[in-house]
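# Fold and contact review
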Amino acid sequence: MKEILIDYLQRNRLHRFDLKAVIFDMDGVLYDSMPAHDRSWQQTMDELGLTHEPNEFYLHEGRIGKATIDIIFQRNLKRDAAEEEEKRIYARKSELFQEYNSGDTMPGSKEVLEYVQRMKLTPVLVTGSGQPSLLERLDHHFTGCFTPETMVTAFDVVNGKPDPEPFVKGLQKGGELQPHQAIVIENAPLGIEAAVGAGIFTIAVNTGPLPDNILYQAGASLVFDSMHELSEVLPEIIRLTGEVTA
Ligand code: MG
């Protein structure tokens, strides 16, 4: 564990951590919502007769809707979706998601957030989602953890994941932080790529069907099987960030 933290510092030409914030992705990290996203995307494309590949929507997780739709369109129809088509397709996907989403939080996520708050670190949310009711829902499940000032949503960025912009904004919202003052918890390859691109130490929780090596290849320093497993090792990780130097 220690070596992994030192390796991050060396690769980023940093001397040590100065941890102030923990940046959380939402879908697949705080909420067990990815199966519903996957099912709604698959059904939407099936209804249009457009083919998709196994686990494709898990691989695209974090992209804005238009980018995902265009990838499917290019493969099937050799063109991008027109704006009208894109709106209709995304509306159908969202409608199905409302129907299928359980709203369940990810087991272990509350424990992780409780620990972060107990350690007086600032929890920050970085999500590509743009649902207007997001904050109320988050405040209901994770009371007092996030405010509009500590959240980056689809409305705050020009370039979504895998661009680093959402996490660069996340550092700003965490209190004008530098990359070595935060760590990121992500589940998706493109989210990991974005966080690593922003220079932040990135921990993956593999809560979906993809193999661990895809998350390592995206740049994750550590990969855990669940938020529950992360909740058990997080105290050790945070303790070590206060100790290691490079
Ligand atoms: Mg996610």
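Before reading on, note that the structure itself is shown above.
Here we summarise the structure given alongside this text. (Residues numbered from 1 in each chain as written. Predicted model: local features only at pLDDT ≥ 70, side-chain atom pairs only at ≥ 80, totals over all residues. Heavy atoms only, no water.)

Let's shift gears to the packing of aromatic side chains. The tally for this structure, following the rule as stated, stands at seven aromatic pairs. Aromatic pair Phe17 and Phe201: ring centres 5.8 Å apart, planes at 90 degrees, arrangement edge-to-face. Note that Phe17 is positioned in the loop between helix 1 (2-11) and strand 1 (21-24) and Phe201 in strand 5 (residues 201-205), a separation of 184 residues in sequence. The exposure class assigned to Phe17 is buried, which follows from its relative accessible area of 3%. By relative accessible area, Phe201 is classed as buried at 0%. (Phe/Tyr/Trp six-rings, centres within 6.5 Å; stacked < 30°, edge-to-face > 60°. Helix = DSSP H or I, 4+ residues; strand = E, 2+ residues; numbered from the N terminus. Buried < 20%, exposed > 50% of the residue type's maximum accessible area, 1.4 Å probe, protein only.)

What follows deals with helix 8 (residues 165-173). Every buried residue of helix 8 is listed here: Glu165, Pro166, Phe167, Gly170 and Leu171. Contacts made by the buried residues of helix 8 are with strand 1, strand 2 (122-126), strand 3 (151-152), strand 4 (182-186) and helix 9 (189-197). Just past helix 8, the residue Gly175 takes up positive phi, approximately 120 degrees. (Contact = heavy atoms within 4.5 Å.)

Take the coordination of the magnesium ion next. Listed as protein donors to the magnesium ion are Asp25 (OD), Asp27 (O), Glu61 (OE) and Asn187 (OD1); their distances from the metal cover 2.0 to 2.2 Å. Along the chain, the residues that donate to the magnesium ion are spaced as D-x1-D-x33-E-x125-N. A relative accessible area of 4% means that Asp25 is categorised as buried. (Donors = N, O, S within 2.8 Å, 3.2 Å for Na, K, Ca; no water.)

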